[in-house]
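This is what each chain is made of:
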Amino acid sequence: HYFIQSNLSRKSEAKKSKMSDPKVCGKCNTVIPNHWVIYGDKHFHKTCFRCGPCNRIIDPKETFNERNGTLVCHGCQTEHFQPKCAVCDEVTIGTRLIYQDKNFHYTCKNCKACGKPFEAAQHDHIVIKMDGSFVHDNCSNF
């Protein structure tokens, strides 16, 4: 999805691909004299290729996302846009319990009957009672 290029590196192809045309930064709208990053259909100065939330320069070789036209680094994607556990308020990445639009780490939710935390391997054996409590389907106290 991205490329790093230089006006100097591909002189022989400049006539065919119009690389000699001035490149304008999609962020600051100024001419880019030599090295640029291409993302989508836009060119950027390397120093303008930044994360919207934290303003850190994104190395185009690292993992990043785009949200509503704004670049987002992996750290901000995880911190600001990943679901959080309704119990501990930490990010829930990977396998998790979801109930009524709330996310839970398995280990943050305990069986109401026996008090033991759940494990991901028990997912198909968790019962949610009418009062919203979670219990093991084979719990002796159920």
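This section reports on the structure supplied with the text. (Residues numbered from 1 in each chain as written. Predicted model: local features only at pLDDT ≥ 70, side-chain atom pairs only at ≥ 80, totals over all residues. Heavy atoms only, no water.)

Turning our eyes to something else, we now look at the environment of Pro-60. With respect to the helices, strands and loops of the structure, Pro-60 is situated in the loop between strand 5 (42-44) and strand 6 (64-67). Distance in space between the C-alpha atoms of Pro-60 and Val-37 is 7.5 Å, their sequence separation being 23 residues. (Helix = DSSP H or I, 4+ residues; strand = E, 2+ residues; numbered from the N terminus.)

What follows deals with the side chain of Lys-109. Of note, Lys-109 is situated in the loop between strand 9 (102-104) and strand 10 (126-128). In this structure Lys-109 is buried but unpaired, with Asp-131 as the nearest side chain of opposite charge at 9.1 Å. In this view, Lys-109 contacts Val-87, Leu-97, Phe-104, Lys-116, Pro-117, Phe-118 and Phe-134; residues no more than four positions away in its chain are not counted. (Buried < 20%, exposed > 50% of the residue type's maximum accessible area, 1.4 Å probe, protein only. Lys, Arg positive; Asp, Glu negative; His and termini not counted. Salt bridge = Lys/Arg side-chain N within 4 Å of Asp/Glu carboxyl O. Contact = heavy atoms within 4.5 Å.)

Among the 5 residues of strand 4 (residues 35-39), 4 are classified as buried, and the element is accordingly described as predominantly covered. Two elements, strand 4 and strand 5, share 3 bridges in a ladder whose sense is antiparallel. Bridged to Val-37 within strand 5 is Phe-44. (Pairing = 2+ DSSP bridges.)

Below, the discussion takes up helix 2 (residues 74-81). Helical geometry note: an α-helix holds 3.6 residues per turn, so side chains three or four residues apart project in the same direction. For helix 2, every residue scored as buried is listed here: Cys-76, Gln-77 and Thr-78. Of the surrounding secondary structure, the elements contacted by the buried residues of helix 2 are strand 6 and strand 7 (70-73).

The subject of this paragraph is the nonpolar core. Within the largest apolar cluster, 16 residues are counted, with the highest numbers of intra-cluster contacts made by Tyr-39, Phe-44, Phe-49, Ile-58, Phe-64 and Leu-71. Looking at this core, the elements that each hand over two or more residues are strand 4 and strand 7. Looking at this core, the element that brings in the most residues is strand 4, giving 4 residues. When near neighbours in sequence (up to four residues on either side) are disregarded, Phe-44 contacts Cys-25, Gly-26, Lys-27, Ile-32, Trp-36, Val-37, Tyr-39 and Phe-49. Residues Leu-97, Phe-104, Phe-118 and Ile-126 belong to the second largest nonpolar core, which totals 9 residues. (Core = buried A, V, L, I, M, F, W, Y, C linked by side-chain atoms within 4.5 Å.)

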